[in-house]
Amino acid sequence: MGKPRILLIEDNVDNREMVRFVLERAGYEILVGQTGDQAVTLARQERPDLILMDLSLPEKDGWTAAGEIKADPALAAIPLVALTAHTLPGDRKRAMEAGFDAYISKPINLPRLIETLAAFLPPAQSDG
Ligand code: MN
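Everything quoted here is computed from the prediction, not taken from an experiment. (Residues numbered from 1 in each chain as written. Predicted model: local features only at pLDDT ≥ 70, side-chain atom pairs only at ≥ 80, totals over all residues. Heavy atoms only, no water.)

(A) Focus on the sheet that holds strand S1 (residues 5-9). As summarised here, the arrangement of the five strands in space is S2-S1-S3-S4-S5, forming an open sheet in which the pairing is parallel. Strands at the two margins of the open sheet, each flanked by one partner only, are strand S2 (29-33) and strand S5 (102-105). Here the average twist between neighbouring strands, direction ignored, is 20°. Two strands pair when backbone bridges link them, and S1 and strand S3 (residues 50-54) are joined in this way by four bridges, in the parallel orientation. The residue of S3 that forms the bridge with Ile-6 is Leu-50. Sitting on the sheet, helix H5 (residues 110-118) touches S1, S3, strand S4 (80-84) and S5, and the angle it makes with S5 is about 170°. (Pairing = 2+ DSSP bridges. Helix = DSSP H or I, 4+ residues; strand = E, 2+ residues; numbered from the N terminus. Axes fitted to C-alpha atoms, helices over the stretch in contact; angles between N-to-C directions. Contact = heavy atoms within 4.5 Å.)

And the structure:
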């Protein structure tokens, strides 16, 4: 069995590389994209074990991309986790209504991020 595969969609390069680094260290394989369109396209091509997606994205936002992913029967079972600075009470509800299964607030609490993802994934495989 390979490592669990996470598709990370984040347009901010600093956030993207920081999260990629931390999750690779935690034993996951990370695929990356930067737009909502790439989220949908890469989900179809790669069938990741989980999608971790920013909400404020160029071209197509994360809410729209989440709706498209959850509307595709081949992808609907993939856990979708939002990564966002939109933390007003209504934002969480809006993300859940768009199809997200969980929600991580920015600034990111890294132990909480890893704990949240692990609940949706098979065990991570550390390189040792
Ligand atoms: Mn963004």
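Still more ground to cover, so stick around.
(B) Region of the structure containing the packing of aromatic side chains. Scanning the model with the defined rule gives zero aromatic pairs in all. When the ring centre of Trp-63 is taken as origin, the NZ or CZ atom of Arg-94, which lies over that ring, is 3.8 Å away. (Phe/Tyr/Trp six-rings, centres within 6.5 Å; stacked < 30°, edge-to-face > 60°. Lys NZ or Arg CZ within 6 Å of the ring centre and 35° of its normal.)

(C) Up close: the coordination of the manganese ion. Coordination of the manganese ion by the protein is provided by Asp-11 (OD), Asp-54 (OD) and Ser-56 (O), with metal-donor distances spanning 2.0 to 2.2 Å. As a motif over one chain, the donors of the manganese ion read D-x42-D-x1-S. Of this pair, Asp-11 sits in the loop between S1 and helix H1 (13-25) while Ser-56 sits in the loop between S3 and helix H3 (62-71); the two residues are 45 residues apart in sequence, bridging distant segments of the chain. Residue class for Asp-11 comes out partly exposed when judged on its relative accessible area of 34%. (Donors = N, O, S within 2.8 Å, 3.2 Å for Na, K, Ca; no water. Buried < 20%, exposed > 50% of the residue type's maximum accessible area, 1.4 Å probe, protein only.)

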